[in-house]
Amino acid sequence: MSLDEINKNEVDIVIGALNADLIPFLNTWRPFFSGFHLIIVKDPDLKEELNIPQGFDVDIYSKTDIEKVVGASNSTMFSGYSCRYFGYLVSKKKYIVSIDDDCVPAKDPKGFLVDAVSQHVSNLENPATPLFFNTLYDPYREGADFVRGYPFSLRSGVPCAASCGLWLNLADLDAPTQALKTEQRNTSYVDAVMTVPLKAMLPVSGINIAFNRELIGPALVPALRIAGEGRVRWETLEDVWCGMCLKHISDHLGYGVKTGLPYVWRNERGDAVESLRKKWEGMKLMEKSVPFFDSLKLPESAVTVADCVVELAKAVKEQLGSDDPAFTQAADAMVKWVQLWSSVNSSG
């Protein structure tokens, strides 16, 4: 799918601004962002004024704007990397594409710049196949198809809820891995898209992601915040937890999640060794989260995404709340998020 084939009125590009100077970032993306509506949400803790180049259709939201919509008491949900969720909340488009502001377009093996927006939208518009794995990966891509033995009854697939892109150069590793392998960079460009199988968990990264807002929107929830959360990805866990909620809810409702293309080129940010010196509880929380999601079964009465988020929050509080206060806070935030989603979107 090319830019010319996309209905640009169906897509919002959401950027969480953790840096004030967005001129280099937006200029590198200009060939692919031009003609789309952009939502830029400034991190409420960022003091400097944003620098944004001319020529973009853009709405900018500051701390004051966030408080006007959700109230001052709820605005803390949208600090740091979580500021982009406010863009998800106020968007009115079918599809959301979100890319971190330390990323630029990658190049494919032939040297051409990768159009991440078009690839994400293509992933979302084509069905997913979570029920039966196709060994040629995404059968709907040009030049691919279903392999021999793939049941014809399953070839129509299911709606795709999310497209999880990848990264060249600085991969989304955790701090211990990056600190141990300081020189390791991802140079492997795998020309493939695949559906994550039913009931398989995955660590979704918010660095390069797109989703069908109409289908799954409230499942993209800013909930799990950890003490000492920083401004580099390996000091956060919000996107990973959000992704586990997203995948579990997608499985329950019969949707699919894809991973693979498109790639972005991720620039250097932060110091993994310095991050390790902080008391970071993310790894411990993940070890408790995985068995929880593995055994979780949402009730059949949960038939909407909002229902699922509320039921999931109830289970989190009951089963994980006594292990760590971060889980109780996450459960409360999930319920509040559903309330905000309903309020903002009903008044829109």
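Everything discussed here concerns the structure shown above.
Okay, so let's go over this structure. On a predicted model such as this, the values are computed, not experimentally measured, just so you know.

### Things to note about the overall build of the protein chain
Looking only at helices and strands, one finds 11 helices and 9 strands in the protein chain. By the compact-globule yardstick of 20 Å for 348 residues, the protein chain fits well, its C-alpha radius of gyration being 19 Å. Principal-axis analysis of the C-alpha atoms places the extent of the protein chain at approximately 55 × 50 × 50 Å. In the protein chain, which comprises 348 residues, the proportion classed as buried is 55%.

### Some remarks on the nonpolar core
Membership of the largest hydrophobic core comes to 69 residues, with the highest contact counts inside it found for Phe78, Ile216, Trp241 and Leu312. No other element matches the 11 residues that helix 11 (residues 325-347) contributes to this core. Leave out the neighbours within four places in its chain, and Trp241 touches Ala223, Leu224, Ser289, Phe293, Val316, Leu320, Phe327 and Met334. Grouped together as the second largest cluster of nonpolar side chains are 35 residues, Leu46, Val97, Leu124 and Ile207 included.

### Here's the deal with the packing of aromatic side chains
Within the structure shown, the criterion is met by 18 aromatic pairs. Here Phe78 and Phe86 contribute two aromatic rings whose centre-to-centre distance is 5.7 Å and whose plane-to-plane angle is 80°, an arrangement assigned as edge-to-face. One exposure class covers both Phe78 and Phe86, and it is buried. With a centroid separation of 5.8 Å and 45° between ring planes, the pair formed by Trp241 and Phe327 is classed as tilted. One end of the pair, Trp241, is in helix 7 (residues 238-253); the other, Phe327, is in helix 11, with 86 residues separating them in the sequence. Here Trp241 and Phe327 have matching classes, each one buried. Three or more aromatic residues link up through ring pairs in this structure, and these residues are Tyr61, Phe78, Tyr85, Phe86, Tyr88, Phe211, Trp337 and Trp341. Across the ring face of Phe152, the terminal group of Arg155 is positioned such that the distance to the ring centre comes to 3.8 Å. When the ring centre of Tyr81 is taken as reference, the NZ or CZ atom of Arg233 above it lies at 3.9 Å.

The rules behind the values
- Residues numbered from 1 in each chain as written.
- Predicted model: local features only at pLDDT ≥ 70, side-chain atom pairs only at ≥ 80, totals over all residues.
- Heavy atoms only, no water.
- Helix = DSSP H or I, 4+ residues; strand = E, 2+ residues; numbered from the N terminus.
- Rg over C-alpha atoms; globule rule 2.2 N^0.38 Å.
- Buried < 20%, exposed > 50% of the residue type's maximum accessible area, 1.4 Å probe, protein only.
- Core = buried A, V, L, I, M, F, W, Y, C linked by side-chain atoms within 4.5 Å.
- Contact = heavy atoms within 4.5 Å.
- Phe/Tyr/Trp six-rings, centres within 6.5 Å; stacked < 30°, edge-to-face > 60°.
- Lys NZ or Arg CZ within 6 Å of the ring centre and 35° of its normal.

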